[in-house]
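These are the residues of each chain, in order.
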Amino acid sequence: MLLPARALGTFAAVLAVVGADAGLPGIVTLHSLLSGEATPVDHPLHEHYRSRYLDLRTYLARAFAAAQAEGQAASALSPEDLAAGMIALLDGLQLQWLYDQQAIDVVRIVEGHLAAVFTPTAMESIRALCAELMAAAEERIRTVPA
């Protein structure tokens with residue numbers, strides 16, 4: 001089941017997750033390894049990753065379509081192509097980051113790609129929503145009993 005795609009909130013969440021991943025190289029490594037190993041149809045995780053990518057493409061495509069309909073984003077690409085490209089960008093950047101964490105700033109690059117699709121006003125909103133999400137997550141972490 002997919003959550004409803006809220007255009008700008010979706011992309012703020014993408015940036016927040018990418019930012020959080022920068023502190024979790026082990027998790028990023030595990031995802032990169034498993035998603036690559038699961039490509040053969042007979043792999044036990046093949047269906048999980050196939051479904052995960054389909055769901056993520058659908059979710060992001062809905063968010064891109066909503067942003068385009070609201071005049072917040074413009075691209076010659078379809079929402080589906082934008083979604084597939086975003087996933088490729090995220091996975092590819094994370095893989096490169098694993099090899100050279102000093103040279104690859106995943107958040108900056110993803111934000112730059114989003115800025116090429118979204119209006120400046122929409123990007124301001126995405127950045128503000130991302131900051132709110134990250135602050136809320138940090139607050140939850142601080143209030144969890146040890």
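Below, the structure is looked at part by part.

1. Some thoughts on helix α2 (residues 25-37)
Here comes step 1: An ideal rise of 1.5 Å per residue puts 18 Å on 13 residues; α2 measures up with 18 Å between its terminal C-alpha atoms.
Here comes step 2: Buried within α2 are the following residues: Val28, His31 and Ser35. For α2, the buried positions fall inside an angular range of 60 degrees around the axis, keeping them on one side.

2. Points about the pattern of salt bridges
Here comes step 1: Going through the model one piece at a time under the given rule, you end up with 3 salt bridges.
Here comes step 2: For Glu47, the salt bridge goes to Arg50, with nearest N and O atoms at 2.6 Å. Of this pair, Glu47 and Arg50 both sit in helix α3 (residues 46-69), 3 residues apart, roughly one helical turn.
Here comes step 3: Its relative accessible area of 44% is what places Glu47 among the partly exposed residues.

3. A few points about the packing of aromatic side chains
Here comes step 1: Counted according to the given criterion, the structure contains 3 aromatic pairs.
Here comes step 2: Where Phe11 meets Phe64, the ring centres are 4.5 Å apart and the plane angle is 45 degrees; that geometry is what we call tilted. Of this pair, Phe11 sits in helix α1 (residues 7-21) while Phe64 sits in helix α3; the two residues are 53 residues apart in sequence, bridging distant segments of the chain.
Here comes step 3: Accessibility expressed as a relative area gives 0% for Phe11, which makes it buried.

4. With respect to the layout of surface pockets
Here comes step 1: In this structure, the largest pocket occupies an estimated 380 Å³ of space.
Here comes step 2: Around the largest pocket sit 17 residues that line it, and Val17, Asp21, Arg52, Leu56 and Leu90 are the ones nearest its centre.
Here comes step 3: Of all the secondary structure elements, the ones that give two or more residues to the lining of the largest pocket are α1, α2, α3 and α4 (79-99).
Here comes step 4: Per-element tally for the lining of the largest pocket: the top contributor is α1, with 6 residues.
Here comes step 5: Split by residue class, the lining of the largest pocket holds 11 nonpolar, 3 polar and 3 charged.
Here comes step 6: Approximately 170 Å³ is the volume found for the second largest pocket.
Here comes step 7: Forming the boundary of the second largest pocket are Phe64, Ser75, Leu77, Asp81, Leu82, Gly85, Met86, Leu89, His113, Leu114 and Val117.
Here comes step 8: Those elements that provide at least two residues to the lining of the second largest pocket are α4 and α5 (106-117).
Here comes step 9: Among the elements that line the lining of the second largest pocket, the one with the most residues is α4, at 5 residues.

Criteria and thresholds
Residues numbered from 1 in each chain as written. Predicted model: local features only at pLDDT ≥ 70, side-chain atom pairs only at ≥ 80, totals over all residues. Heavy atoms only, no water. Helix = DSSP H or I, 4+ residues; strand = E, 2+ residues; numbered from the N terminus. Expected span 1.5 Å × (residues − 1). Buried < 20%, exposed > 50% of the residue type's maximum accessible area, 1.4 Å probe, protein only. Arc of directions from axis to C-beta. Salt bridge = Lys/Arg side-chain N within 4 Å of Asp/Glu carboxyl O. Phe/Tyr/Trp six-rings, centres within 6.5 Å; stacked < 30°, edge-to-face > 60°. 1 Å grid on protein atoms, 1.4 Å probe; cavity = no way out; pocket = protein on both sides within 12 Å on 5 of 7 lines; lining within 4 Å. Points joined across faces, edges and corners; volume = space filled by probe spheres on them. Nonpolar A, V, L, I, M, F, W, Y, C, P; charged D, E, K, R; others polar.

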